[in-house]
Amino acid sequence: MQNPDVKLDDDARPTGRIQRANSLAGDVYEAIFQQLMSLKIAPGSRITVDNLVRELDVSHTPIREALGRLEGEGLVIKTHLIGYRAAPQITRRRFDELYELRLLLEPAAAAKAAAGLDAARLAALQEAAGVMTRRDGRDERLRYSNFARQDAIFHDKIMEFAQNEIIRETLNHQHTHFHIFRLMYHSRVTEEALDEHEAILSAFAAGDANAARTAMRVHIENSRDRLLPAFE
């Protein structure tokens, strides 16, 4: 559900039409992804290709390509002879199960990754964490959707450096980050998460496996607690 207290300045609202760039399909994907993550397209609602064609001022082809990509990420559902709709919101039970899984797997993986980090891997994690661009730009919807992806990349990088592909594939298959960020559109979700990313990075920089384990556990527990009000 969207927090009713969140307000956007007129300057922060999406302008609608796509600016022509090198990758039109990529731009269209980003525009629709942003609408899904910020709840402008509500969970479970129908997505009409013709409406998007008019809104974004592009042809049907990049719209369908983008929707196909979003379908692969679990954010869009296509039904034969009916069309597209946004994926429904995850249930409370599914939410609890996802966080139970994360708490079982990610703290231990963070500890393992911290023990084997070199300078290049640390730099990759620092870039992926999003903390260096945390206040970049005024468009809150864009910042929110960007951070949803950034958070997924950061956690996936940690799994990659923990060198357990089964765990990494298991977590990726759930599309966890995209689904949980659709529970609530609020700047608090990003700002507090970025603080926690900084704590994880500090543990990695120190090469402290125990501190990395603790920082990751705290981050996941806090993420769960931030999003629980969405079910009230």
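Notes on the structure in this doc start here.

The rules behind the values
- In this numbering scheme, every chain counts its residues from 1 along its sequence in written order.
- Local features in a predicted model are, by the rule used here, given only for residues with pLDDT of at least 70; side-chain atom pairs are given and counted only at 80 or more, and totals for whole chains, interfaces and linings are based on all residues.
- In computing side-chain values, all of the structure's heavy atoms are included and hydrogens and water are not.
- Whether two strands pair comes down to DSSP finding at least two bridges between them.
- To qualify as a helix, a DSSP run of H or I must reach at least 4 residues; to qualify as a strand, a run of E must reach at least 2; elements of each kind are numbered from the N terminus.
- Each helix should span, by expectation, one fewer than its residue count multiplied by 1.5 Å.
- Bend angle per residue: angle between axes fitted to the 7 residues ending at that residue and the 7 residues starting there.
- Buried residues are those whose accessible area, probed at 1.4 Å on protein chains only, stays under 20% of the maximum for their type, while exposed residues exceed 50% and partly exposed ones sit between those limits.
- Two aromatic rings from Phe, Tyr or Trp, using only the six-membered ring of Trp, form a pair when their centres are within 6.5 Å; if the ring planes differ by under 30 degrees the pair is stacked, by over 60 it is edge-to-face, and anything between is tilted.
- Two conditions define a charge located above a ring, namely a distance within 6 Å from the ring centre to NZ of Lys or CZ of Arg, and an angle within 35 degrees of the ring normal.
- Working definition: the arc comes from the directions between the helix axis and the C-beta atoms, pointing outward to the latter.
- For the purposes of these results, a polar contact is taken to be a pair of N or O atoms within 3.5 Å, where, inside protein, one atom must be able to donate a hydrogen and its partner to accept one; residues adjacent in sequence count only when each atom of the pair is a side-chain atom.
- By definition in these notes, contact holds between two residues if any of their heavy atoms fall within 4.5 Å.
- Just to be clear on terms, a salt bridge is a Lys or Arg side-chain nitrogen sitting within 4 Å of an Asp or Glu carboxyl oxygen.

Moving on, we come to the pairing of strand β2 (residues 76-79). Judged from the four bridges that link them, β2 and strand β3 (residues 83-86) form a sheet pairing that is antiparallel. For Ile77, the partnering residue across the bridge sits in β3 and is Arg85. Here β2 folds back onto β3, and the loop between the two strands holds three residues, one of which, Leu81, carries a positive phi near 70°.

Our next topic: helix α4 (residues 92-115). Helix length check: α4 (24 residues) gives 35 Å between terminal C-alpha atoms against 34 Å at 1.5 Å per residue, within 8%. The largest bend in α4 is about 30°, located at Leu103, with the proline Pro107 one to four residues further on. Every buried residue of α4 is accounted for by Phe95, Leu98, Tyr99, Arg102, Leu105, Glu106, Pro107, Ala109, Ala110, Ala111, Ala113 and Ala114.

In this section: the packing of aromatic side chains. For any two aromatic rings, the description comes down to two numbers: the centre-to-centre distance and the angle of the planes. Considering all chains together, one arrives at five aromatic pairs under this definition. Here the aromatic residues Tyr29, Phe33 and Phe178 are joined through ring pairs into a cluster of three or more. Positioned above the aromatic ring of Tyr29 is the side chain of Arg69, whose terminal nitrogen or guanidinium carbon lies 3.6 Å from the ring centre. Over the aromatic face of Phe33 sits the side chain of Arg149, whose NZ or CZ is 4.1 Å from the ring centroid.

Another point: the sheet that holds β3. Pairing within the open sheet is antiparallel, and its three strands lie in the order β1-β3-β2. Each of the sheet's edge strands pairs with one partner strand only, and the pair in question is β1 (46-47) and β2.

Turning our attention to helix α5 (residues 119-128). Each α-helix winds once per 3.6 residues, and so residues spaced three or four apart point in a common direction. Considered for burial, the residues of α5 that qualify are Leu122, Leu125 and Ala128. In an axial view of α5, the angular spread of the buried residues amounts to 125°, which keeps them on one side of the axis. The exposed set on the far side of α5, more than 90 degrees from its buried face, consists of Ala119, Ala120 and Glu127. Measuring from the backbone nitrogen of Ala120 back to the side-chain oxygen at the start of α5 gives 3.3 Å, which picks out Asp118 as the cap.

So, on to the environment of His60. Mapped onto the elements of the fold, His60 is located in helix α3 (residues 60-72). In this structure, the C-alpha to C-alpha distance between His60 and Asp50, residues 10 residues apart in sequence, is 7.5 Å. Residue contacts for His60: discarding those within four places in its chain leaves Val49, Asp50 and Val53. Engagement of the side chain of His60 in a polar contact is seen with the side chain of Asp50, the distance being 2.7 Å.

For the structure on display, the rule yields 13 salt bridges. Linking Glu30 and Arg149 is a salt bridge whose minimum nitrogen-to-oxygen distance equals 3.2 Å. Residue Glu30 is located in helix α1 (residues 24-37), and its partner Arg149 is located in helix α6 (residues 140-162); the two are separated by 119 residues in the primary sequence. Between Arg226 and Glu192 there is a salt bridge, with its nearest N and O atoms 3.4 Å apart. With Arg226 in helix α10 (residues 209-227) and Glu192 in helix α9 (residues 187-206), the pair connects residues that are 34 residues apart, well separated along the chain. A single network of salt bridges, built from pairs that share partners, joins Asp156, Lys157, Glu160, Glu165 and Arg168.

Worth remembering: the numbers are spatial, not functional.
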